[in-house]
Amino acid sequence: MAPTNSSFVTEFILVGLTDLPDLQLPLFSLFLVMYMVTVLGNLCLVTLIGLNSHLHTPMYFFLFNLSFIDLCYSSVFTPKMLINFTSKKNIISYRGCMTQLYFFCFFAISECYVLTSMAYDRYVAICNPLLYHVAMSPKVCSSLMLGSYLMAFSGAMAHTGGLLRLTFCDANTINHYFCDILPLLQLSCTSTYVNELVVFIVVGIDIIVTSVTIFVSYGFILSSILHISSTEGRSNAFSTCSSHVVALCLFFGSGAFVYLKSSSPKSVDEGKMSSVFYTSVVPLMNPFIYSLRNKDIKLGLRRTQRRGVF
């Protein structure tokens, strides 16, 4: 991902989340705690699922991948952001910027499709329980994950490849806390029409198609739940679904707000605040959403503690 001959910029300056000096230390402390909890929470889930055979089911296979993605996803930009809170000049090289952008896109798109796969898994489990083991066989689950990573790879390549062809002349100050697509487009001294079209198409497919699939799945799930005669059964099902829907709304809603708008300075400033939700809050919340009220995870934790792992 080296700079091309048409690119005159060798490094970028990141403005950061805010330029107010009095907020740098409090924000550093806040995001450090959030990052540590995110890493520990997702690492614990990955370890628990890997060590406990009763968690080797389709639902936890997807959760394992989701936790792995969140672990990597939050590590793409949070360490650099924490360094920038304590630095006077926040510099990132051209190669470092393009690399950060690629992995950010890869893990963000991966999460979209893993969440979609999880919604489909719940749809099959609740609406077609007798066919569950056939419809969600190991081969099907592996194919869904492979498809998720392939879509992420192609989307990340499209975005990064498009930015590599742009010319960056003198302006090198990125109005963001990491190398995001829209702030970079503002710095180009050549036309960004093709890039904006790529963003609209790729992000539109990733967000709209996956969110439609998710909400259709949950529509069928809701219909099935309403036919459950047991009040306790309905309550448990609603509780599980509501937590998942909150995480989905945060991730997809903030992503759509940021990327399905123009790249004007005002929209970038708004998007910088919104991006905190899908870059920091969602990876932090997922371990709690899927473990706090989960009896299988709690059982796995007790078994793992008896082995002396934790």
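Being a predicted model, the structure only gives us computed values, none of them experimental.

What follows covers the overall build of the protein. Looking only at helices and strands, one finds 10 helices and 3 strands in the protein. Moving toward the C terminus, one meets the helices and strands of the protein in the order β-α-α-β-α-α-α-β-α-α-α-α-α. When the 310 residues of the protein are sorted by exposure, 48% land in the buried category. Across the protein, every contact between residues at least 6 apart in sequence was considered, and the portion connecting residues at least 24 apart equals 80%. For the protein, the accessible surface area stands at approximately 14800 Å², while carbon and sulfur atoms represent 69% of it.

Sites flagged by UniProt as "transmembrane region" (unreviewed entry) map to residues 27-48, 60-81, 101-120, 140-158, 197-225, 237-260 and 275-293. With 100% helix and 0% strand, residues 60-81 has end C-alpha atoms that lie 31 Å from one another. Along residues 101-120 the backbone is 100% helical and 0% strand, and the end-to-end C-alpha distance reaches 29 Å.

This brings us to the nonpolar core. Ranked by size, the top nonpolar core spans 79 residues in total, and within it F12, F31, F104, L115 and L184 carry the most contacts. Of all the elements, helix α3 (residues 94-127) adds the most residues to this core, at 18 residues. Here F12 is in contact with N90, I91, I92, Y94, C97, F168, N172, I174, L184 and L187, once residues within four sequence places are set aside.

The subject of this paragraph is the pattern of salt bridges. A side chain with one charge can pair with a side chain of the opposite charge if their charged atoms come near. The final tally for this structure, using the stated rule, is 1 salt bridge. A salt bridge links R122 to D121; the nearest nitrogen and oxygen atoms lie 2.9 Å apart. Among the residues examined, D121 registers a relative accessible area of 1% and is labelled buried.

A word on the confidence of the model for the protein. When pLDDT drops low, the exact placement of atoms in the prediction is not to be read closely. Per-residue pLDDT for the protein has a mean of 84; in total, 89% of the residues score no lower than 70. Looking at the elements of the protein, mean pLDDT is at its lowest for helix α8 (residues 231-259), recorded as 71, and at its highest for helix α5 (residues 138-164), recorded as 94. A low-confidence stretch, residues 1-6 stays under pLDDT 50, and its non-local contacts, those more than four residues away or across chains, total 17 contacts.

The next point concerns the packing of aromatic side chains. Across all of its chains, the model carries 18 aromatic pairs by this definition. For the ring pair F12 and Y94, a centre distance of 6.1 Å and an interplane angle of 25° mean the geometry is stacked. With F12 in strand β1 (residues 11-14) and Y94 in helix α3, this pair connects stretches of sequence that are 82 residues apart. Between the aromatic rings of F104 and F178, the centroid separation amounts to 4.8 Å while the plane-to-plane angle is 65°, which identifies the pairing as edge-to-face. Of this pair, F104 sits in helix α3 while F178 sits in the loop between β3 (173-174) and α6 (181-187), and the two are 74 residues apart along the sequence. Of the aromatic side chains, those joined through ring pairs into one cluster are Y73, F77, F104, Y177 and F178.

Taken together, the 3 strands give an open sheet; going across it, the order is β2-β1-β3, and neighbouring strands pair in mixed fashion. Every other strand in the sheet has two partners, leaving β2 (91-93) and β3 as the edge strands with one partner each. Across 3 bridges, β1 lies against β2 in antiparallel orientation. Counterpart to I13 in the pairing with β2 is I91. Against the sheet, α3 makes contact with β1, β2 and β3, and its axis sits at roughly 85° relative to β2, the strand it touches most.

Moving on: the side chain of E111. In this structure, E111 sits in helix α3. Ignoring anything within four residues of it in the chain, the contact list for E111 reads L66, I69, D70, Y73, F251, V282 and N286.

Moving on, we come to the state of the cysteines. If you walk through the whole model with that rule in mind, you get 2 disulfides. For C169, the disulfide goes to C189, at an S-S distance of 1.9 Å. Of note, the bridge from C169 to C189 carries an S-S torsion of about 65° and is right-handed in sense. Taken together, the residues C169 in the loop between α5 and β3 and C189 in the loop between α6 and α7 (193-226) connect sequence positions 20 residues apart. Looking at C189, the relative accessible area reads 42%, which means it is partly exposed. Across the protein, the way the bonded cysteines pair up, counted in sequence order, is 1-3, 2-4.

Look at helix α2 (residues 58-85) against α5: their axes get within 10 Å of each other, and the N-to-C directions meet at 25°. By the angle between their directions, the pair α2 and α5 is classed as roughly parallel. Crossing handedness for the pair α2 and α5: right-handed. In contact with P58, F61, F62, N65, F68 and I69 of α2, α5 contributes C141, S142, L144, M145 and Y149.

The grouping of K295, K298, R302, R303, R306 and R307 at the surface amounts to a positive patch. Within the fold, R302 resides in helix α10 (residues 295-306). For R302, a relative accessible area of 44% translates into the label partly exposed.

With 34 residues, α3 ought to run about 50 Å at 1.5 Å a step, and its terminal C-alpha atoms sit 49 Å apart, in line with that. Extensive coverage of α3 is indicated by the burial of 24 of its 34 residues.

Thresholds applied
Residues numbered from 1 in each chain as written. Predicted model: local features only at pLDDT ≥ 70, side-chain atom pairs only at ≥ 80, totals over all residues. Heavy atoms only, no water. Helix = DSSP H or I, 4+ residues; strand = E, 2+ residues; numbered from the N terminus. Buried < 20%, exposed > 50% of the residue type's maximum accessible area, 1.4 Å probe, protein only. Contact = heavy atoms within 4.5 Å. Areas by Shrake-Rupley, 256 points an atom, 1.4 Å probe, with all protein chains shown as cover. UniProt positions renumbered as here; feature names shortened; annotations may be inferred. Core = buried A, V, L, I, M, F, W, Y, C linked by side-chain atoms within 4.5 Å. Salt bridge = Lys/Arg side-chain N within 4 Å of Asp/Glu carboxyl O. pLDDT = per-residue confidence, 0-100. Phe/Tyr/Trp six-rings, centres within 6.5 Å; stacked < 30°, edge-to-face > 60°. Pairing = 2+ DSSP bridges. Axes fitted to C-alpha atoms, helices over the stretch in contact; angles between N-to-C directions. Disulfide = S-S within 2.5 Å. Parallel < 35°, antiparallel > 145°, perpendicular 65-115°, else oblique. Left-handed = near helix turned anticlockwise from the far one by under 90°. Patch = residues over 30% accessible without salt bridge, like charges linked within 9 Å, V, L, I, M, F, W, Y side chains within 5 Å. Lys, Arg positive; Asp, Glu negative; His and termini not counted. Charge placed at Lys NZ, Arg CZ, Asp CG, Glu CD. Expected span 1.5 Å × (residues − 1).

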